[in-house]
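# Structural characterization, general
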Amino acid sequence: MSTKFEETTDLIGYLTVFDEIGLGTGQVRTLLDYGCGPGTVTARAAEVGDAEIFAVDGEERLLDVARREHAHPRVTYHLLGDAGLAFLPDDSVDAAMSCSVFVSGADPAEVRADVAEIHRVLRPGARYAVLDTNPDADGVRLATFQACLDVFSEAGFTDLRVREPLLDALPDESTRPPFLIVSGAK
Ligand SMILES: C[S@@+](CC[C@H](N)C(=O)[O-])C[C@H]1O[C@@H](n2cnc3c(N)ncnc32)[C@H](O)[C@@H]1O
């Protein structure tokens, strides 16, 4: 049985990310899940849309879990190494997302390089969305949040949008948005 946290994360976290990038609209035939971890969000994305999903992570151990627990005919899991996303050509992917990846403590130079690489593989017009804990909900302003907006612009993303979805059915989440979702278009 899923917990309240998992249900909330799915309802206003993941589904808002999918909405931001256009998953399930027929426009997203290929999706990059950057920082897929054990494949939880990847699996939800495979259910919601009909895209071919390239799920990547820097941790082989977590990819093993994803391959074991969230194998899917439209999902391939890839280990990120020094070559970055070299297996993906320029301008080839219809959408990208990173959920709970660029958290406090991430090296800004590394985030900048990652976002530039994600921008490279997206086709013109494609959207990239980042989900993180909302600093206004947990009282901790993520060191990387402003950097995230700056890095999006520096990488060439335009039409930047910030969403802070609320969930009316729950007392806390109806007034304090638990997530912050930043997205931009190539
Ligand atoms: C908290 S998990 C989130 C996993 C998944 N996106 C989700 O929401 O369930 C964070 C993941 O990001 C990955 N990660 C962190 N920094 C990364 C980076 N610079 N490049 C690729 N993966 C990264 C970690 O290895 C980890 O699997």
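Residues numbered from 1 in each chain as written. Predicted model: local features only at pLDDT ≥ 70, side-chain atom pairs only at ≥ 80, totals over all residues.

### Topic: the site of the ligand
Which entries qualify depends on this criterion: All residues are tested the same way: a C-beta atom is placed from the backbone, and lying within 6 Å of a molecule or strand makes the residue near it. Helix numbers and strand numbers start at the N terminus; a helix is a DSSP run of H or I with at least 4 residues, a strand a run of E with at least 2. Residue polarity is assigned by list, with Asp, Glu, Lys and Arg as charged and Ala, Val, Leu, Ile, Met, Phe, Trp, Tyr, Cys and Pro as nonpolar; anything else, Gly included, falls into the polar class.
Close to the ligand lie 15 residues, the nearest being G35, G37, E59, C99 and V101. Elements supplying a minimum of two residues to the shell around the ligand: α2 (40–48) and α4 (108–121). Among the residues making up the shell around the ligand, the classes are represented as 6 nonpolar, 5 polar and 4 charged.

### Looking at unusual backbone geometry
Trans peptide bonds make up most of the peptide bonds, and negative phi angles are found at most residues other than glycine. How we decide: Around each residue's C-beta, the other C-beta atoms within 10 Å are counted; 20 or more make the residue buried, 12 or fewer make it exposed, and counts in between make it partly exposed. All C-beta atoms are placed from the backbone.
At D91, a position not held by glycine, the phi torsion is positive, near 55°. You can see D91 is positioned in the loop between β3 (75–79) and β4 (93–99). Note on D91: 13 C-beta atoms within 10 Å, which makes it partly exposed. The residue D159 is not glycine, and still its phi comes out positive at about 50°. Along the chain, the position of D159 falls in strand β6 (residues 158–163).

### Structural notes on the packing of helix α1 (residues 4–21) against α2
Relative orientation and spacing of two packed helices are given, respectively, by the angle between their axes and the distance between those axes. The cut-off we apply is this: Lines fitted to C-alpha atoms define the axes here, with helix axes fitted over just the stretch in contact, and angles between the N-to-C directions of these axes take values from 0 to 180 degrees. Each helix crossing is assigned a hand: it is left-handed if the near helix lies turned anticlockwise from the far helix by less than a right angle, otherwise right-handed if that turn is clockwise. C-beta atoms are first placed from the backbone for all residues, and any pair lying within 7 Å is then listed as a contact.
Packing of α1 against α2 brings their axes to within 11 Å, and their N-to-C directions diverge by 65°. The handedness of the crossing between α1 and α2 comes out as right-handed. Contacts from D10, Y14 and F18 in α1 reach V41, R44, A45 and V48 in α2. Considering only residue class, the contact of α1 with α2 consists of 5 nonpolar, no polar and 2 charged.

### Re α2
Residues of α2 that are buried include every one of V41, T42, A43, R44, A45 and A46, and no others. Elements that come into contact with the buried residues of α2 comprise α1, β1 (30–34), β2 (52–57), α3 (60–69), β3 and β4.

### Points about the pairing of β3
Going by this rule: Here the rule is simple: two strands pair whenever DSSP picks up at least two bridges between them. By the criterion used throughout, a crossover qualifies as right-handed when its path from the first strand across the helix to the second strand runs clockwise, the strands pointing away from the viewer.
Relative to β3, β2 runs parallel, the two sharing 5 bridges. Across the sheet, A55 pairs through a bridge with Y77, a residue of β3. Regarding topology, α3 serves as the crossover connection from β2 to the parallel β3, and that connection is right-handed.

### Some details on the environment of P177
Of note, P177 is situated in the loop between β6 and β7 (179–185). Assessed through the 18 C-beta atoms surrounding it within 10 Å, P177 is described here as partly exposed. Between the C-alpha atom of P177 and that of L167, which follows or precedes it by 10 residues, the distance is 7.8 Å.

Spatial relationships are all this shows, so hold off on functional conclusions.
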